[in-house]
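Analysis of the macromolecular model
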Amino acid sequence: AGRRALFRYVYFPASLPAILTALRQSVGTAVAVLYIAELIATRRGLGYYIYLSGSTLFDYPAMYAGIVALSLLGLGLYFGVDWLEKKLCPWEFES
């Protein structure tokens, strides 16, 4: 087999589960960094909305709605990568 065939049929499929696991684990960090970045650097976005609603306007139901929306974003991304792993790596989930 040539280099391209080895990469396509051996190396890439063997490393794909580890890549997708790392991506799934980094989703939580990405959502947390998104909140911090929107809180500090902008006047728009969900992070700023949570901060503004909670600490400035004292509108706690709106603040918790923003927190739930950010949590749903994180869960959606997490389970999206999980679904992608099940679709691209079916040999891991066979019994």
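No experiment lies behind these values; they were computed from the predicted model shown. (Residues numbered from 1 in each chain as written. Predicted model: local features only at pLDDT ≥ 70, side-chain atom pairs only at ≥ 80, totals over all residues. Heavy atoms only, no water.)

Let's shift gears to the packing of helix 1 (residues 3-41) against helix 2 (residues 46-56). For the pair helix 1 and helix 2, interaxial distance at closest approach is 7 Å and the crossing angle is 65°. Comparing their axes, helix 2 and helix 1 come out roughly perpendicular. Here helix 1 runs over helix 2; the crossing is right-handed. Of the residues in helix 2, those in contact with Tyr35, Glu38 and Leu39 of helix 1 are Leu46, Gly47, Tyr48, Ile50 and Tyr51. (Axes fitted to C-alpha atoms, helices over the stretch in contact; angles between N-to-C directions. Helix = DSSP H or I, 4+ residues; strand = E, 2+ residues; numbered from the N terminus. Parallel < 35°, antiparallel > 145°, perpendicular 65-115°, else oblique. Left-handed = near helix turned anticlockwise from the far one by under 90°. Contact = heavy atoms within 4.5 Å.)

An α-helical turn contains 3.6 residues, so any two residues separated by three or four positions project in the same direction. With 39 residues, helix 1 should cover 57 Å at 1.5 Å per step; its first-to-last C-alpha distance of 46 Å lies more than 12% under that length. Where helix 1 bends most, the angle comes to about 40°, and this point is Phe12, followed within four residues by the proline Pro13. For helix 1, every residue scored as buried is listed here: Leu16, Pro17, Leu20, Arg24, Val27, Val31 and Glu38. Against the buried residues of helix 1 lie helix 2 and helix 3 (60-88). (Expected span 1.5 Å × (residues − 1). Bend = angle between axes of the 7 residues up to and from the residue. Buried < 20%, exposed > 50% of the residue type's maximum accessible area, 1.4 Å probe, protein only.)

The subject of this paragraph is the packing of aromatic side chains. As enumerated under the stated definition, the model contains 4 aromatic pairs in all. Look at Phe7 and Phe12: their rings are 6.0 Å apart centre to centre, the planes differ by 40°, and that puts the pair in the tilted class. The exposure class assigned to Phe12 is partly exposed, which follows from its relative accessible area of 36%. An angle of 85° between the planes, with centres 5.3 Å apart, marks the rings of Tyr78 and Phe79 as edge-to-face. By relative accessible area, which is 35% here, Tyr78 ends up partly exposed. The ring of Phe93 is capped by Lys86, whose NZ or CZ atom sits 5.9 Å from the centre of that ring. (Phe/Tyr/Trp six-rings, centres within 6.5 Å; stacked < 30°, edge-to-face > 60°. Lys NZ or Arg CZ within 6 Å of the ring centre and 35° of its normal.)

Here the focus is the confidence of the model for the protein chain. Considering every residue of the protein chain, the mean pLDDT works out to 94; 99% of them sit at 70 or more. Per-element mean pLDDT across the protein chain ranges from 93 in helix 2 up to 95 in helix 3. (pLDDT = per-residue confidence, 0-100.)

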